[in-house]
Amino acid sequence: MTNATLSLHEKDQSKMPLEYTTEEGDLRIFGFWIFLAAELVLFGTLFGTYLVLQSHTAGGPTAKDLFEIGPVMAETIILLMSSFTCGLSTIELRRHNKKGLIGWMSVTILLGLVFIGLEANEFYTYAVHEGAPLSRSAFLSGFFVLLGTHGAHVSLGIVWIIGILLQLGKRGITPVTARKAFMAGLYWHFLDVVWIFIFTAVYLTGLVI
Amino acid sequence: MDENQKQMSERMGAGFPWKQVIGLLLSLALTFLALWIAVGLSLPVPVTLTIIVGLAIFQAFIQLFLFMHVTEGTEPVHQLIGILFGIYVAFAIVGGTLWILAYAL
């Protein structure tokens, strides 16, 4: 009985993609999902704070005054495209194609850099030209903390993926580097999920209310 | 690469990346649909908010299932339970905060 279960498990694992083939890799990917669940809760608290404080503008600029749909759509579409190219990099990983994996991951971080550039420009415009820095009102504190936390995550993701690209270049696709590349992909898609809610709950809601 | 491995990698990633392309097109369509509903239509505010939040949740699930392979792994039910619990706590925090502090909105 025990024997049968064991051999079934082993058979399963050998059929799996490379990143799941070791017990350690399998468990670490599970652990990463738990980390992402905790990140969801972190962003949940920031969304809760922002939504309550949204109307507390202290006589300063409101969401409607500040937000412009053009740059926001550009950021949204670029991050969405980067999530797509990141998905393509996972496919190349499954094909054990090192060049394809590195190529699509590079495109992903380039799009990530463009996104960060647009977001930094947006923050700069608000804080310097529109008289709406973080300290102006509770609304702006909530806004900059929520979007800043997301932007910091994207920036960290770019640095992390560059590190993984260096390892992939050096060591090739092994069970360890495959696991790291797969986890970085999960992280990147997760950041796009958070942005979908920022787009909806912050920008679109700000334009409607 | 031995024959076995070759077969495996072919099975894993052969052909056109349909899942990713469908995920991208659906996400783009949902994004523009939400924009149009919010800016183009002038529905009552609660109706608009309900629809766009619903579209966002749908798009998040597209990412989760088409891009993030949440159903993969040796025992995917464990990570599904973990992520569902995270979603539950996040919604409880956001919903609960808005409910309790509704007077302050």
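Residues numbered from 1 in each chain as written. Chains lettered and ligands numbered in written order. Predicted model: local features only at pLDDT ≥ 70, side-chain atom pairs only at ≥ 80, totals over all residues. Heavy atoms only, no water.

Chain B has the name Quinol oxidase subunit 4 in an unreviewed UniProt entry, where Sporolactobacillus shoreicorticis is given as its organism. Per UniProt, chain B has the following entry under Function (unreviewed entry): "Catalyzes quinol oxidation with the concomitant reduction of oxygen to water." If you open the UniProt record of chain B and go to Sequence similarities (unreviewed entry), you find "Belongs to the cytochrome c oxidase bacterial subunit 4 family." (UniProt positions renumbered as here; feature names shortened; annotations may be inferred.)

The name an unreviewed UniProt entry gives chain A is Quinol oxidase subunit 3, with Sporolactobacillus shoreicorticis as the organism. Taken from UniProt, the Function (unreviewed entry) comment for chain A reads in full: "Catalyzes quinol oxidation with the concomitant reduction of oxygen to water." UniProt, in the comment section headed Subcellular location (unreviewed entry), describes chain A in these words: "Cell membrane".

1. Things to note about the overall build of chain A
Broken down by element type, chain A carries seven helices and zero strands. Along chain A, helices and strands appear, N-terminal first, in the series α-α-α-α-α-α-α. Structurally, chain A occupies a C-alpha span of about 70 × 40 × 25 Å along its principal axes. Within the span of chain A, comprising 209 residues, buried residues form 55% of the whole. The long-range fraction of contacts in chain A, counting pairs at least 24 apart against all pairs at least 6 apart in sequence, stands at 81%. (Helix = DSSP H or I, 4+ residues; strand = E, 2+ residues; numbered from the N terminus. Buried < 20%, exposed > 50% of the residue type's maximum accessible area, 1.4 Å probe, protein only. Contact = heavy atoms within 4.5 Å.)

2. Comments concerning the nonpolar core
In terms of nonpolar packing, the biggest core is built from 85 residues, with F67(A) and F143(A) touching the most fellow members. Lining this core are residues from two domains, each supplying at least three of them: domain 1 (1–68) and domain 2 (74–105) of chain B. Setting aside its immediate chain neighbours within four residues, F143(A) contacts Y50(A), F67(A), E122(A), F123(A), Y126(A), G148(A), V202(A) and Y203(A). (Core = buried A, V, L, I, M, F, W, Y, C linked by side-chain atoms within 4.5 Å. Domains from an automatic or database assignment.)

3. Quick look at the packing of helix α5 (residues 98–129) of chain A against helix α6 (residues 138–171) of chain A
Residue and element names in this part refer to chain A. Contact geometry of α5 with α6 gives a least axis separation of 10 Å together with a crossing angle of 155 degrees. In terms of orientation, α5 lies roughly antiparallel with respect to α6. In this structure, the crossing between α5 and α6 has a hand that is left-handed. In terms of residue class, the contact of α5 with α6 is built from 18 nonpolar, seven polar and three charged. (Axes fitted to C-alpha atoms, helices over the stretch in contact; angles between N-to-C directions. Parallel < 35°, antiparallel > 145°, perpendicular 65-115°, else oblique. Left-handed = near helix turned anticlockwise from the far one by under 90°. Nonpolar A, V, L, I, M, F, W, Y, C, P; charged D, E, K, R; others polar.)

4. Examining the confidence of the model for chain A
All names here are of chain A. Per-chain confidence: chain A averages 91 in pLDDT, with 93% of residues scoring 70 or above. Helix α1 (residues 2–15) is the least confidently modelled element of chain A, averaging 53 in pLDDT, while α6 averages 96, the highest of any element. This model gives residues 1–8 a pLDDT under 50, and the stretch forms zero contacts once residues within four places in sequence are excluded. (pLDDT = per-residue confidence, 0-100.)

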